[in-house]
Amino acid sequence: MDYFRAHVLICGGTGCTSSHSPKIQQEFADQLEKNNISKEVKIVTTGCFGLCAQGPIVVVYPEGAMYTMVRVEDVKEIVEEHLVKGRLVRRLMAGDTEAEDTSKSLENVGFFKNQVRIALRNCGTINPENIDEYIAYDGYKALQMALTEMKPEDVIAEIKKSGLRGRGGAGFPTGLKWELTAKAEGDDKIIACNADEGDPGAFMDRSVLEGDPHSLIEAMIIAGYAIGANQGYIYVRAEYPIAVKRLNIAIEQAKDYGLLGKNILGTDFSFSLELRLGAGAFVCGEETALITSIEGKRGEPKPKPPFPAVRGLWQKPTLLNNVETYANIPIILTKGADWFTTIGSEKSKGTKVFAVGGKINNTGLVEVPIGTTLREVVYDIGGGIPNGKKFKAAQTGGPSGGCIPASLIDTPIDYETLKEIGSMMGSGGLIIMDEDNCMVDIAKFFLEFTVEESCGKCPPCRIGTKRMLEILERITGGKGEMEDIEKLEILSKNIISSALCGLGQSAPQPVLSTLRYFKDEYIAHVKDKKCPAGVCKSMMRYVIQADLCKSCGICAKNCPVGAITGEKKVPYVIDQDKCIKCGVCMEKCPFKAIFKNV
Amino acid sequence: MSSNCCACVDEKERKLQEIIEKYKNINGALIPVLHEAQDVYGYLPMSVQKKISEKMNIPLSEIYGVVTFYTQFSLKPKGKYKVSTCMGTACYVKGSNLILDKLKEKLGISVGDCSEDGRFSLEACRCIGACGLAPVIMINDDVYGKLSPDDIDKILDKYKDL
Ligand SMILES: Cc1cc2nc3c(=O)[nH]c(=O)nc-3n(C[C@H](O)[C@H](O)[C@H](O)COP(=O)(O)O)c2cc1C
Ligand code: SF4
Ligand code: SF4
Ligand code: FES
Ligand code: FES
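Residues numbered from 1 in each chain as written. Chains lettered and ligands numbered in written order. Predicted model: local features only at pLDDT ≥ 70, side-chain atom pairs only at ≥ 80, totals over all residues. Heavy atoms only, no water.

Draft legend 1. View of the overall build of chain A. Assigned secondary structure in chain A consists of 24 helices and 17 strands. For chain A, the spread of C-alpha atoms along the three principal axes comes to 90 × 65 × 40 Å. When each of the 598 residues of chain A is scored for burial, the buried share is 58%. Looking at chain A alone, contacts between residues at least 24 apart form 70% of all its contacts between residues at least 6 apart. Taken as a whole, chain A presents about 23,900 Å² of accessible surface, with 51% of it coming from carbon and sulfur. Side-chain charges in chain A split into 72 positive and 76 negative, and the spacing between the mean points of these groups amounts to 6 Å. (Helix = DSSP H or I, 4+ residues; strand = E, 2+ residues; numbered from the N terminus. Buried < 20%, exposed > 50% of the residue type's maximum accessible area, 1.4 Å probe, protein only. Contact = heavy atoms within 4.5 Å. Areas by Shrake-Rupley, 256 points an atom, 1.4 Å probe, with all protein chains shown as cover. Lys, Arg positive; Asp, Glu negative; His and termini not counted. Charge placed at Lys NZ, Arg CZ, Asp CG, Glu CD.)

Written out as structure tokens, the structure is:
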């Protein structure tokens, strides 16, 4: 094996690829060549480090120095200074560069210091397109243990003991699900993975698929052995091309190594794995809909029971777990369930990955022990709210979830605690909102989403969510009445109790939770016809302040609808009935005489 | 129009035939076939759906039902440059609706439409997974992140004379 004195890890996740990491990589290759050190320094493309907003990310080992927001022009300096002369390029380094041991900058970045990386253990560390690197980090060791030292019942017992719960949202105990599927009648069983990641604004599963695809494959083979299945399917979003590519590469490599196919590792267990692409339907994340979609049909949900564990894909007992759930399996077997139970809260063991986004300084992926408080995530890891604004609320669980207001920022993040306060754990989307976000508008945003994504099979969801959206449009349009608020509450209760699947049953949650914590905002929209955050356009008025107006007429020239009139020496005025609130006049006025009144 | 030239029509048909052949023995092959057919034709007009129906022996009504159920399948042709604005939550709270308004204004088309010269089509999509860079848009495979409405002019200019 070749020996390299240094490694340059370059992030090849979606975030950094979008901010041109492939160009950075090419430049590194060129610069190493120019300096004649391409035989000593190895370039490795990795998955997401989690700090995508600071990307593109480059980490240089052995020092572990993390360079952020690297531009093509910076590469030459990193190569000549760091890799040739051994001097760190401090101006590009993340974290506390004043700290004593600046070299280990990865460890003194607050963002990483407070995380516990289990599901993401290999993301940003290994080259996801090289199975040998995965193996070097104990990859496929759990599979070997399972196949050669454990009976299927032992594997299930270990998972049960670990207390692992489903990371796809509902938190169902994973070991129990495995046991139910193992015991279900029928010889022909199926393992499936939910990689549909429908919550908009969440990309936890994507990072595992892109950064560590083998951990998912290994876990699915283990699951096949444990429940007695020989066929597996990964249902992945078509919107994730990099993930699809890496999964395909990983499956081929696993086949070449005899880890997929017939007689795995010389045992008599066989297992094969296929990818299936989604086609952009949120409801297909629901388990029964996902199954119908793999069967090649319209992805409409079915009533439960029967549960997939009893009758799933092609009527066969099917084990369906989420990507992150699977990513925990190999390490639970190698390190033991006892180790796993030391992490997390009393009722929920282990960690949860969150995609933290919105109005926060460090947007990115964060993995923390379950039970960590929202405050720690927002401030210690997330670095707080940008531009000195105030934290207003966080949304978890996406369109099925609810918000956590600032007053509850010390709530530990756990399945039960979040449910109690009207939100939910969800699959890991965590969107931070500040004082500039209007909560009624956010509720409307989520309802627009569910109305669009409702499959239309059952009337409460198809029609009920539409009615709710119409009411919200009235309220944000300045035409709401106090009864509307009551109607929203009644409609919500009816939809929750009568919709067929989880999509409809949870669709009213964002409305209910914003009503619970921000009712005053709804009332301001209805009674005072005001949007306190200044978001809802219909309530906004652009006005020209007479004493500042120099009658230059620039605003009138730029107004697309001719709403501004005036003449020389007389202040101009805006005809509010004509104005479409585009804001162009305010932008163009050279004397800053135009204001937005909320 | 290129779609009238019989050489490439044949070429596309041959590819479609290959795709159907490839999935012949696979359970639930319809969706993968539609994905690949859309890659070949750019969209899924009725004529293509009919061919798939005949060759796979699946009723046309069922195929149409599947095509209209999934948002990724399109019955209308797309522009040469497909502009998708992310309207996922992370992008929305950072003002992606302002970006979309600006795009509509600049391109003079609404969501789902294609400009008259066939150059641009405009779409709203849900999260492309680059939420760290919110708000983002995608033009074909290029991602532009951390945008403000003022950046749009410069970006669109790049595609003007291509
Ligand atoms: C409307 C709806 C959308 C869902 N979307 C997803 C999803 O994108 N990813 C996911 O893993 N689970 C999703 N789920 C949950 C799945 O139905 C299922 O519970 C989960 O995949 C089971 O895996 P787990 O036990 O490992 O969490 C969704 C559920 C509903 C009702
Ligand atoms: S609740 Fe909505 S998404 Fe679920 S089956 Fe009914 S209509 Fe379809
Ligand atoms: S906000 Fe727009 S429409 Fe209204 S007056 Fe100003 S330029 Fe005209
Ligand atoms: S994609 Fe590079 S850090 Fe997330
Ligand atoms: S929400 Fe826009 S990229 Fe995720």
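Draft legend 2. Highlighting the side chain of histidine 82 of chain A. All names here are of chain A. Looking at the secondary structure, you find histidine 82 in helix α3 (residues 72-85). A relative accessible area of 3% means that histidine 82 is categorised as buried. Of the polar contacts made by the side chain of histidine 82, one reaches the side chain of glutamate 63; its length is 3.2 Å. (Polar contact = N/O pair within 3.5 Å; in protein donor to acceptor, adjacent residues only side chain to side chain.)

Draft legend 3. Quick peek at the nonpolar core. Ranked by internal contacts, the top residues of the largest apolar core, which has 108 residues, are Trp178 and Tyr326 of chain A. If we skip the residues at most four places from it in the chain, tyrosine 326 of chain A touches Trp178, Ile191, Ala192, Cys193, Ser215, Leu216, Ala219, Met220, Ala223, Leu319, Leu320 and Asn321 of chain A. (Core = buried A, V, L, I, M, F, W, Y, C linked by side-chain atoms within 4.5 Å.)

Draft legend 4. Structural view of the pattern of salt bridges. Inspection of the entire model under this criterion finds 44 salt bridges over all chains. The salt bridge partner of aspartate 74 of chain A is arginine 71 of chain A, with a shortest N-O separation of 3.2 Å. The buried category is assigned to aspartate 74 of chain A, whose relative accessible area is 2%. Residue arginine 71 of chain A is classed as partly exposed on the basis of its relative accessible area, which comes to 46%. Note that arginine 14 of chain B and glutamate 11 of chain B form a salt bridge whose closest N and O atoms lie 3.0 Å from each other. Residue arginine 14 of chain B and its partner glutamate 11 of chain B are both found in helix α1 (residues 6-22); the two are separated by three residues, about one turn of the helix. You can call arginine 14 of chain B partly exposed: its relative accessible area is 42%. Residues joined by salt bridges that share partners form a network here, namely Arg71, Glu73, Asp74, Glu77 and Arg91 of chain A. (Salt bridge = Lys/Arg side-chain N within 4 Å of Asp/Glu carboxyl O.)

Draft legend 5. Spotlight on the site of ligand 2. With respect to spatial proximity, 13 residues lie near ligand 2, and among them Cys455, Lys457, Cys458, Cys461 and Cys501 of chain A are the closest. Looking at side-chain class alone, the shell around ligand 2 contains nine nonpolar, three polar and one charged residues. (Near = heavy atom within 4 Å. Nonpolar A, V, L, I, M, F, W, Y, C, P; charged D, E, K, R; others polar.)

Draft legend 6. Fine view of the interface of chain A and chain B. Facing the 50 residues of chain A at the interface are 33 residues of chain B. Taken together, both faces of the contact between chain A and chain B bury some 3,300 Å²; the carbon and sulfur share is 59%. In terms of surface lost to chain B, no three residues of chain A exceed Ala279, Arg298 and Phe445 of chain A, which account for 18% of the buried area on that side. For the pair chain A and chain B, the interface holds two salt bridges. For the salt bridge of aspartate 101 of chain B with lysine 537 of chain A, the shortest nitrogen-to-oxygen distance reads 3.4 Å. Taken together, the links from chain A to chain B amount to 19 residue pairs in polar contact (both at pLDDT 80 or more). When contributions to the side of chain A that touches chain B are tallied by element, the ones reaching two or more residues are α1 (14-18), β7 (272-277), α12 (287-294), β13 (429-434) and α17 (439-453) of chain A. At seven residues, α17 of chain A tops the list of elements feeding residues into the side of chain A that touches chain B. Of the residues that constitute the side of chain A that touches chain B, the class distribution is 23 nonpolar, 13 polar and 14 charged. (Buried area = accessible area lost by both parts, 1.4 Å probe.)

Draft legend 7. Looking closely at the sheet that holds strand β4 (residues 65-67) of chain A. All names here are of chain A. Pairing in this open sheet of four strands is mixed, and the strands run β2-β1-β3-β4 from one edge to the other. Only two strands of the sheet have a single neighbouring strand rather than two, namely β2 (41-46) and β4. Ignoring which end each strand starts from, the neighbouring axes of this sheet average 20° apart. With six bridges connecting them, strand β1 (residues 6-11) and β2 associate as parallel partners. Looking across to β2, one finds that histidine 7 is bridged to lysine 42. (Pairing = 2+ DSSP bridges. Axes fitted to C-alpha atoms, helices over the stretch in contact; angles between N-to-C directions.)

Draft legend 8. The packing of helix α7 (residues 152-162) of chain A against helix α8 (residues 174-183) of chain A, seen in detail. Residue and element names in this part refer to chain A. Where α7 meets α8, the axes come as close as 7 Å, and the angle between the chain directions of the two elements is 150°. Between α7 and α8, the angle falls in the class roughly antiparallel. Where α7 approaches α8, its residues Val155, Ile156, Ile159 and Lys160 are matched on the opposing element by Thr174, Gly175, Leu176, Trp178, Glu179 and Ala182. Partitioned by chemical class, the residues of the contact of α7 with α8 number six nonpolar, two polar and two charged. (Parallel < 35°, antiparallel > 145°, perpendicular 65-115°, else oblique.)

Draft legend 9. Local environment of the packing of aromatic side chains. Residue and element names in this part refer to chain A. What the rule picks out here adds up to 13 aromatic pairs over all chains. Centre to centre, the rings of phenylalanine 445 and phenylalanine 446 are 5.2 Å apart; their planes meet at 65°, and the pair counts as edge-to-face. Phenylalanine 445 gets classed as buried once you look at its relative accessible area, which sits at 2%. Overall, the relative accessible area of 1% leaves phenylalanine 446 in the buried class. Three or more aromatic residues link up through ring pairs in this structure, and these residues are Tyr225, Phe269 and Phe271. For the cation-ring pair, lysine 550 lies above phenylalanine 591, with the distance from its terminal atom to the ring centre recorded as 5.7 Å. (Phe/Tyr/Trp six-rings, centres within 6.5 Å; stacked < 30°, edge-to-face > 60°. Lys NZ or Arg CZ within 6 Å of the ring centre and 35° of its normal.)

Draft legend 10. Spotlight on helix α19 (residues 482-498) of chain A. Residues and elements named next belong to chain A. Taking 1.5 Å per residue, 17 residues should reach 24 Å; α19 reaches 25 Å between its end C-alpha atoms and fits that length. Buried residues of α19: Asp484, Ile485, Leu488, Ser492 and Ile495, and no others. Considered in projection along α19, the buried side chains sweep an arc of 100° and stay on one side of the axis. Exposed residues pointing more than 90 degrees away from the buried face of α19 are listed as Glu486, Lys493 and Ser497. The inward-facing, buried residues of α19 abut α18 (459-476), α20 (502-506), α21 (509-517) and α22 (519-527). (Expected span 1.5 Å × (residues − 1). Arc of directions from axis to C-beta.)

Draft legend 11. Spotlight on the domain arrangement of chain A. Here chain A is partitioned into domain 1 (6-106), domain 2 (131-340), domain 3 (351-434), domain 4 (439-526) and domain 5 (540-597). Distance from the C-alpha centre of domain 1 of chain A to the C-alpha centre of domain 4 of chain A: 47 Å. (Domains from an automatic or database assignment.)

Draft legend 12. Highlighting unusual backbone geometry. Residue and element names in this part refer to chain A. Put simply, tyrosine 61 and proline 62 share a cis peptide bond, and its omega is 15°. For the peptide bond that leads from proline 305 to proline 306, omega is 5°, which places it in the cis range. Structurally, proline 306 is set in the loop between α12 and β8 (318-322). Phi is positive for lysine 581, close to 60°, though the residue is something other than glycine. Structurally, lysine 581 can be placed in the loop between β16 (573-574) and α24 (584-588).

Draft legend 13. Representation of the domain arrangement of chain B. The assigned domain composition of chain B is domain 1 (3-69) and domain 2 (81-160). Using C-alpha coordinates to define each centre, domain 1 of chain B is positioned 29 Å away from domain 2 of chain B.

Draft legend 14. Main features of the sheet that holds β8 of chain A. Residues and elements named next belong to chain A. Read across the open sheet, the four strands follow the order β7-β6-β5-β8; overall the sheet is parallel. What marks the edges here is a single partner per strand, and that holds for β7 and β8. Averaged over all neighbouring strand pairs, the angle between strand axes comes to 20°, with direction disregarded. Bridge count between strand β6 (residues 231-236) and β7: six bridges; the pairing is parallel. In the sheet register, tyrosine 233 faces β7, and the bridge partner there is glutamate 274.

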